[in-house]
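# Remarks on the overall topology
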Amino acid sequence: MKRINDAFAFARDARVLEGTQAVAGLERLHDLLAEVSGEVVWRLEGFKGDLGEPLLHLTVGGSIPLACQRCLQAIPFELEVDALLELVPASADLSQDELEDDSRDFLPVEKELDVLELVEDEILLSLPVAPRHEKCGLPGAADAGERINPFAALAGLKGKPN
């Protein structure tokens with residue numbers, strides 16, 4: 001279990017943590033995957049921003065087998081998470097302007113930070129909403145033979161006098 005006891009000190013002291021995590025341990029991802037396999041590589045770097053604000057830079061890479069929404073077969077998805085997070089106290093009241101600032105995301109924390117939970121959160125945010133193969137039939141469509149057009153019979157009636 002990777003935990004940072006004091007995320008603010010981690011950022012202030014410009015510390016770095018990196019590691020590899022098996023996809024099997026990222027349970028919130030499991031429902032989205034064709035199979036639970038592979039691993040992700042992550043790196044978390046703390047630093048201070050121009051105004052002294054505590055920042056975390058998280059990168060996550062790896063390939064995960066997402067389940068296609070149509071055929072449920074695997075789609076290899078290359079993770080490229082690159083997140084800039086500003087630490088704020090969990091009790092902080094953020095203004096609307098701050099919340100709409102797209103240059104970074106705010107990460108409310110007490111002090112302690114569960115790194116793998118953060119890694120998993122950022123992976124989930126980076127995934128496509130409904131992954132699909134570009135060319136994909138429905139399950140069993142390949143062996144269904146010729147598709148019957150439901151409007152073919154209507155086309156035959158068109159132009160006939162009643």
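The notes below deal with the structure included here. (Residues numbered from 1 in each chain as written. Predicted model: local features only at pLDDT ≥ 70, side-chain atom pairs only at ≥ 80, totals over all residues. Heavy atoms only, no water.)

### Topic: the overall build of the protein chain
When helices and strands are tallied, the protein chain shows four helices and seven strands. The proportion of buried residues among the 162 residues of the protein chain is 32%. The contacts of the protein chain with a sequence gap of at least 6 include a subset with a gap of at least 24, amounting to 59%. Per element, the accessible surface of the protein chain, about 10,800 Å² overall, is 50% carbon and sulfur. (Helix = DSSP H or I, 4+ residues; strand = E, 2+ residues; numbered from the N terminus. Buried < 20%, exposed > 50% of the residue type's maximum accessible area, 1.4 Å probe, protein only. Contact = heavy atoms within 4.5 Å. Areas by Shrake-Rupley, 256 points an atom, 1.4 Å probe, with all protein chains shown as cover.)

### Structural notes on helix H3 (residues 115-126)
The first and last C-alpha atoms of H3 sit 17 Å apart over twelve residues, in line with the 16 Å expected at 1.5 Å per residue. Of the positions making up H3, those classed as buried are Val-115, Leu-116, Leu-118, Val-119, Glu-120, Glu-122 and Ile-123. Here H3 starts with a cap whose side-chain oxygen sits 3.1 Å from the backbone nitrogen of Leu-116, and that cap is Asp-114. (Expected span 1.5 Å × (residues − 1). Polar contact = N/O pair within 3.5 Å; in protein donor to acceptor, adjacent residues only side chain to side chain.)

### Comments concerning the sheet that holds strand E3 (residues 39-48)
Strand order in the open sheet formed by five strands is E2-E3-E4-E5-E6, and the pairing between neighbours is mixed. Both edges of this open sheet fall to strand E2 (16-22) and strand E6 (105-109), since each of them pairs with a single strand only. Going from strand to strand, the sheet's axes swing by 30° on average, the running direction of each strand aside. One ladder, built from nine bridges, connects E3 with strand E4 (residues 54-67); its direction is antiparallel. Residue Leu-44 lies in a different strand from E4, and its bridge partner there is Leu-58. Its contacts with the sheet place H3 against E2, E3, E4, strand E5 (74-89) and E6, and it is angled at close to 120° to E5. (Pairing = 2+ DSSP bridges. Axes fitted to C-alpha atoms, helices over the stretch in contact; angles between N-to-C directions.)

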